[in-house]
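# Results of the structural survey
Next come the chains, spelled out residue by residue.
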Amino acid sequence: MGLRQLVIDAWSWLNYKPVMNEAGRPGSRAFPELAKTWVPPHELRRLAAYKVLASYDNNQAGQLAAAGGDASALERRELGDAANLVDTALGYLLGSEQKVTVEGAEHSDEQTPTPGSAEAAAVQKRLREWADKEKLTFRVQQAERAAVLLGDSVMVLAWNPEKRRPTLRVYDPGFFFPQWDDDTDDDFPSKVHLAWELPADDEAGLKARVRRVTYELGPIFEGSEAEEEGSTGARTYPWEPGRASNTTCYLTDAEWLLEDLNGETLDRLPMGKAAYRVGVDGTELNRLDLMIDFVPVVHIANTIPDGGENWGRSVLARVLQALDELAATDSDGSAASATTGTPIIGLAGARLPTDRATGRPQELEVRAGAVWQLGETGRMDALDTSPQLAELRARVDHLLERIASNSRLTNAGLGTLDATEVPSGYALKLALGPLDMLIGMMRLAREHKYRLLFKMVQRLYQAGRAEGWTAGETLPARLAWAPHTPTDRGAVLEEAIKAYGAGVLSLETAVTMLLEAGYPIKDASQEIERIRAKAQQEAETRMAEAAARRGREEDEDDQEGDAGLGAGEERKPVKKDSEREPVGSSR
């Protein structure tokens, strides 16, 4: 018997699963949809991995194991531990809120604003308005849960001429098939397929189909005749004025009947049998020129991919076997608790009642209030399984601690840490150290992708000639995350007040500190403007009060002087300093 082939890749942590080691087409027996001939063979392990992870999220890992040949796995108890890990990691990743920020926008209200700060503030305002209209927070949560669970997620932008803004949609990463060119060193693919299967609909008379949406960068052809002749053109894009480009992005949206495919894979589907879809304006979506020089698809990886890889890793990757052990231990514990609550009893010398119809002894039932008659030498023995149940519960606790440690979510992060075990806030901070590093790594993996997303949004606005979006260089924008763990807001407030009062920090930095600490500040620039307006108003009030107080003092002095004069005496005018004669001027 030969050794099983050893595969080491981005999904090697799933090799212990039988469905991932099937020869030829892994996962095809457990997941029939992967057996379709149009699915590229080199993508099967990735798609099978997504299916396995989704089964854990839906408490179907036992059914998956049964499909792999383990019939006893159907009795396995799954209590949502995998979904709890995913949701906990997602909550820490997202924080309490996310905001779109443009570099330099928060300093536009200074007395001496930096060059370009007003433009940055205007772009930030428009991006936030777009985010509100497109429900960016909702879309981000959709995409990020898929990324945390599966390791990858996909977001697609498109210009909507009716809404006059870019639209954002989230796709299942199992629909995402990038076409990498081995001859280039580009960080992004020049061709991307989004493909999925459409089931047959007998009532509507539709057969099973495959839909493929393709984005592809290519040379610009001015008209069909130029494309046939191979002559290319040039175009100046509004985000790069003064520079001509001969590259554009083409969109193709088509469907194929499954019965028309004869073993062709996704990237080799016969175009002669394609049925092209039609856009809102009636245009056939067959190599439609989008008038942009980038592919409006953003792939988000949960972790920073290894060298030579392009895919992220699920938060469950390192603890999947521990979750299997936990489910098995829970199942054993359930069986042990049944025998502990309703023990197995052995009787000797008992008089058993007989069934009058058959004449056979009836089975005794263990229940409250039952009375059994025993003979003189009768005996009753009960099987005590409580020690085994205690051991199983201790093992469950051990596995939970192991999962919390190896997933880096920690007991403190999962909320299972006993508060009495934390002697101080510094000890709690140390306990949350692995969680801080995990969230920092996950946010770092997304930093560039969200910058790219907002760059595409700005360029789509420019390409659509939307109002207020002029030609010019795209400004850098990013997604700002709230703190993932609670902070000592009182300490941060005191620190910000002292540092600003001593002149060590600017007002902008102090407000940013309060914003990151969780204070309900909606917009930093508006908050700074309100603070300065209030300070100016208070200063004017103090000046008015001081002037009024000096006026009252002068009036009181005048009244006291008049009261000290005799009858008929007149008050001598007091000369001003400028009217007094200098000392010794008569000498």
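This write-up is about the structure you can find in this document. (Residues numbered from 1 in each chain as written. Predicted model: local features only at pLDDT ≥ 70, side-chain atom pairs only at ≥ 80, totals over all residues. Heavy atoms only, no water.)

This part is about the overall build of the protein chain. Helix and strand content of the protein chain: 14 helices and 15 strands. Expressed as a percentage of its 587 residues, the buried residues of the protein chain come to 37%. Roughly 34800 Å² of accessible area belongs to the protein chain as shown, and the carbon and sulfur atoms make up 50% of that amount. (Helix = DSSP H or I, 4+ residues; strand = E, 2+ residues; numbered from the N terminus. Buried < 20%, exposed > 50% of the residue type's maximum accessible area, 1.4 Å probe, protein only. Areas by Shrake-Rupley, 256 points an atom, 1.4 Å probe, with all protein chains shown as cover.)

What follows is about the packing of helix 3 (residues 81-94) against helix 11 (residues 433-463). Orientation of helix 3 relative to helix 11, taken along the N-to-C sense of each, is 70°, at an axis distance of 10 Å. In terms of orientation, helix 3 lies roughly perpendicular with respect to helix 11. Judged by the twist between their axes, the crossing of helix 3 over helix 11 is right-handed. Only Leu 435, Ile 439, Met 442, Arg 443 and Arg 446 of helix 11 make contact with helix 3, whose side of the interface consists of Ala 89, Tyr 92, Leu 93 and Leu 94. Tallied by class, residues from the contact of helix 3 with helix 11 come to seven nonpolar, no polar and two charged. (Axes fitted to C-alpha atoms, helices over the stretch in contact; angles between N-to-C directions. Parallel < 35°, antiparallel > 145°, perpendicular 65-115°, else oblique. Left-handed = near helix turned anticlockwise from the far one by under 90°. Contact = heavy atoms within 4.5 Å. Nonpolar A, V, L, I, M, F, W, Y, C, P; charged D, E, K, R; others polar.)

Moving on, we come to the layout of surface pockets. Estimated volume of the largest pocket: approximately 1300 Å³. Ala 158, Trp 159, Asn 160, Leu 251 and Leu 290 are the residues nearest the centre of the largest pocket, which is lined by 44 residues in total. For the lining of the largest pocket, the leading source of residues is strand 2 (residues 152-160), giving five residues. Its residues assigned to classes, the lining of the largest pocket shows 26 nonpolar, eight polar and 10 charged. By volume, the second largest pocket amounts to about 900 Å³. The wall of the second largest pocket is formed by 35 residues, among which Trp 180, Asp 187, Phe 188, Pro 189 and Leu 452 lie closest to the centre. Looking at which element gives the most residues to the lining of the second largest pocket, the answer is helix 11, with eight residues. A per-class count over the lining of the second largest pocket returns 19 nonpolar, seven polar and nine charged. (1 Å grid on protein atoms, 1.4 Å probe; cavity = no way out; pocket = protein on both sides within 12 Å on 5 of 7 lines; lining within 4 Å. Points joined across faces, edges and corners; volume = space filled by probe spheres on them.)

Put simply, helix 4 (residues 117-133) and helix 11 touch, their axes get as near as 11 Å, and they point 95° apart. Relative to helix 11, the element helix 4 is oriented roughly perpendicular. Along the contact surface, helix 4 presents Val 123, Leu 127 and Trp 130, while helix 11 presents Phe 454, Val 457, Gln 458 and Tyr 461. Per-class residue counts for the contact of helix 4 with helix 11 are six nonpolar, one polar and no charged.

What the rule picks out here adds up to one cavity of 30 Å³ or more. Taken as a whole, the largest cavity encloses approximately 120 Å³ of empty space. Forming the walls of the largest cavity are 14 residues, and the residues nearest its centre are Tyr 56, Glu 78, Ala 82, Leu 323 and Ala 327. Elements represented by at least two residues in the lining of the largest cavity include exactly helix 3 and helix 7 (320-341). Ranked by the residues each element gives to the lining of the largest cavity, the list is headed by helix 7, at four residues. Class assignment of the residues belonging to the lining of the largest cavity gives a composition of seven nonpolar, two polar and five charged.

This next bit is on helix 3. Counted at 1.5 Å a residue, the expected span for helix 3 with its 14 residues is 20 Å, and the 20 Å between its end C-alpha atoms agrees. Extensive coverage of helix 3 is indicated by the burial of 10 of its 14 residues. Buried residues of helix 3: Ala 82, Ala 83, Leu 85, Val 86, Thr 88, Ala 89, Leu 90, Tyr 92, Leu 93 and Leu 94, and no others. Backbone geometry just after helix 3 places Gly 95 at a positive phi near 70°. (Expected span 1.5 Å × (residues − 1).)

The subject of this paragraph is the sheet that holds strand 2. Spatially, the three strands line up as an open sheet ordered 3-2-12, and their pairing is antiparallel. Each edge of the open sheet carries a strand with a single partner, namely strand 3 (165-171) and strand 12 (297-301). Neighbouring strand axes in the sheet, compared pairwise and without regard to direction, differ in orientation by 25° on average. Bridging between strand 2 and strand 12 involves five bridges; their strand directions are antiparallel. (Pairing = 2+ DSSP bridges.)

Here we come to unusual backbone geometry. Positive phi outside glycine occurs at Met 291, with the angle close to 65°. Inspection of the secondary structure assignment puts Met 291 in the loop between strand 11 (288-289) and strand 12. In this structure, Thr 410 takes a positive phi of about 65° despite not being glycine. One can find Thr 410 in helix 9 (residues 410-414). A residue is classified by how much of its surface remains accessible, and Thr 410, at 8% relative accessible area, is buried.

Another point: the nonpolar core. If you look at the biggest cluster of nonpolar residues, it comprises 107 residues, and the most contacted ones within it are Trp 130, Leu 136, Tyr 215, Leu 316 and Tyr 450. The leading source of residues in this core is helix 11, at 12 residues. Non-local contacts of Tyr 450, meaning those with residues more than four positions away in its chain, are made with Val 140, Glu 144, Met 155, Ile 300, Ala 477, Leu 479 and Trp 481. (Core = buried A, V, L, I, M, F, W, Y, C linked by side-chain atoms within 4.5 Å.)

Any two side chains of opposite charge can pair, given that their charged atoms come close. Considering all chains together, one arrives at 23 salt bridges under this definition. Where Asp 253 meets Arg 211, a salt bridge forms, and the shortest distance between an N and an O atom there is 2.7 Å. Here Asp 253 is found in strand 9 (residues 247-257), whereas its partner Arg 211 is found in strand 6 (residues 209-219), with 42 residues between them in sequence. The exposure classification of Asp 253 matches that of Arg 211, with both residues buried. (Salt bridge = Lys/Arg side-chain N within 4 Å of Asp/Glu carboxyl O.)

Turning our eyes to something else, we now look at helix 7. For helix 7, with 22 residues, the first-to-last C-alpha span of 32 Å sits near the 32 Å given by 1.5 Å per residue. Looking at the buried side of helix 7, the elements it contacts are helix 1 (44-57), helix 3 and helix 8 (386-406).

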